[in-house]
Structure formats: structure tokens, C-alpha cells
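Each chain, written out:
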Amino acid sequence: MGNLLYTIAVILIIFWAIGFFAYSAGAIIHILLVIAVIAVLLRLIQGKKI
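Remember, it's a predicted structure, so these values are computed and weren't measured experimentally. (Residues numbered from 1 in each chain as written. Predicted model: local features only at pLDDT ≥ 70, side-chain atom pairs only at ≥ 80, totals over all residues. Heavy atoms only, no water.)

Undergrad: It is not clear to me how the overall build of the chain should be interpreted in this structure. Could you clarify?
TA: Scanning the chain from N- to C-terminus turns up two helices and zero strands. A buried classification covers 18% of the 50 residues belonging to the chain. Of the accessible surface of the chain, which amounts to about 3,800 Å², a share of 78% is contributed by carbon and sulfur atoms. (Helix = DSSP H or I, 4+ residues; strand = E, 2+ residues; numbered from the N terminus. Buried < 20%, exposed > 50% of the residue type's maximum accessible area, 1.4 Å probe, protein only. Areas by Shrake-Rupley, 256 points an atom, 1.4 Å probe, with all protein chains shown as cover.)

Next up, the structure:
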């Protein structure tokens, strides 16, 4: 389950980067980035290796 969470976080960061540089998609792109960062932080807090 933790590996899936990390994979989703990476995918969200990639989508954010594409949306940020390719076109302006409004607040949705930034919400995706925040979710991805939270997912990575949760993994770090839980002490699991990334």
C-alpha cells in the first residue's frame, strides 16, 4: 500500500510539472501538487524508505 502511495505521489508531481509548464489549468494543478507532497511527507514520517 505504501508503494502505491509513493507511485501516485510521483505521478501527481509529473502531472503538475506538465500542467505548470504546458498550460494554465488553474488551482487544480496546485491541489495535485499539495496532495503529492503530503503523500511523500506521510511516507517520510512513517519511517519507510523511499
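From this point, things continue past the structure.
Undergrad: What is the right way to look at the environment of Ala9 in this model?
TA: With respect to the helices and strands, Ala9 occurs in helix 1 (residues 2–22). For Ala9, a relative accessible area of 1% gives the class buried. With 25 residues separating them along the chain, Ala9 and Val34 place their C-alpha atoms 9.5 Å apart. Among residues more than four places away in sequence, those in contact with Ala9 are Ala36, Ala39 and Val40. (Contact = heavy atoms within 4.5 Å.)

Undergrad: What's the story with a nonpolar patch on the surface in this structure? I'm lost.
TA: A surface patch of nonpolar side chains, amounting to about 430 Å² of accessible area, comprises Val10, Ile11, Ile14, Phe15 and Ile18. Mapped onto the secondary structure, Val10 falls in helix 1. (Patch = residues over 30% accessible without salt bridge, like charges linked within 9 Å, V, L, I, M, F, W, Y side chains within 5 Å. Salt bridge = Lys/Arg side-chain N within 4 Å of Asp/Glu carboxyl O.)

Undergrad: Sorry, what's going on with the environment of Ala36 here?
TA: Within the element layout of this structure, Ala36 appears in helix 2 (residues 27–45). Taking the C-alpha atoms as reference points, Ala36 and Trp16, 20 residues apart in sequence, are found 9.4 Å from one another.

Undergrad: Please explain the environment of Gly19 as it appears in this structure.
TA: By secondary structure assignment, the location of Gly19 is in helix 1. Given a relative accessible area of 3%, Gly19 falls into the buried group.

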